[in-house]
Amino acid sequence: MNDGDRRTGDAARPRRADARRNEKALLDAAAAVFVTSGVDAPVRDIAAKAGVGTATIYRHFPTRADLIIAVYRHQVEACAEAGPALLATGATPYAALGQWIDLFADFLVTKHGLAAVLRSDSAGFDTLHAYFLDRLVPVCARLLDAAAAAGEIRSDIEAIELMRGVGNLCIGADSDPRYDARRMVGLLIAGLRVPR
């Protein structure tokens, strides 16, 4: 490799890193805007929140559906990655489980709005739902197993059961300001404790 090739390669790396940072900022901003204004929020609002131009959004995501799907996947990945990190740093496995369930519940409240839009493409929605289950059920199972092994919770809870229960408690949270889904989910998680 000559010096010119090395310089070209070096120059390309920062752009890719910048592109990744822009994309993450954009997806985080889109998720936040979707929570407050819905998935039909103007692209300029998302761009302003991300600190990028609207052209950057369209360069990464040519259609609104592309953006919605990317936000959904981004949030699934963030939730999946949080589980092991919380388990490694939490005061107890039960505390890590509770923190992860809070993140999961927040994701679900956002997801309901995304899911409504995505249902128009049933094949695409089914693929995303399978991805959601493949990524998150094992994370929840690992947290449950750790808390059960520590003697903090019952050992007869399946991850899919708990996730479905949390999901059901989150329905309607985005449309009724009087309903506190996180409080109800907290009561559910408290009910997993082994009586002392």
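Residues numbered from 1 in each chain as written. Predicted model: local features only at pLDDT ≥ 70, side-chain atom pairs only at ≥ 80, totals over all residues. Heavy atoms only, no water.

Trainee: So what exactly am I meant to see when it comes to the overall build of the protein chain here?
Mentor: Within the protein chain, the regular secondary structure consists of eight helices and zero strands. Evaluated residue by residue, the protein chain yields a buried proportion of 36% over its 196 residues. The contacts of the protein chain with a sequence gap of at least 6 include a subset with a gap of at least 24, amounting to 68%. Total accessible area on the protein chain stands at roughly 10900 Å², and carbon and sulfur atoms take up 54% of it. (Helix = DSSP H or I, 4+ residues; strand = E, 2+ residues; numbered from the N terminus. Buried < 20%, exposed > 50% of the residue type's maximum accessible area, 1.4 Å probe, protein only. Contact = heavy atoms within 4.5 Å. Areas by Shrake-Rupley, 256 points an atom, 1.4 Å probe, with all protein chains shown as cover.)

Trainee: What should I look at first to understand the packing of aromatic side chains in this one?
Mentor: Two aromatic rings, taken as a pair, are described by how far apart their centres are and by the angle between their planes. All told, the structure shown has four aromatic pairs when counted by the stated rule. For the ring pair Phe104 and Phe132, a centre distance of 6.1 Å and an interplane angle of 20° mean the geometry is stacked. A residue pair is termed long-range when its members are at least 10 positions apart, and Phe104 in helix α5 (residues 93-118) and Phe132 in helix α6 (residues 122-149) qualify at 28 residues. The same class applies to Phe104 and to Phe132, which are both buried. A connected cluster of aromatic rings, assembled from ring pairs, spans Tyr72, Trp100, Phe104, Phe107 and Phe132. The ring centre of Tyr131 lies 4.2 Å from the NZ or CZ of Arg73, which sits over that ring. When the ring centre of Tyr94 is taken as reference, the NZ or CZ atom of Arg193 above it lies at 4.0 Å. (Phe/Tyr/Trp six-rings, centres within 6.5 Å; stacked < 30°, edge-to-face > 60°. Lys NZ or Arg CZ within 6 Å of the ring centre and 35° of its normal.)

These figures come from the coordinates and say nothing about function on their own.
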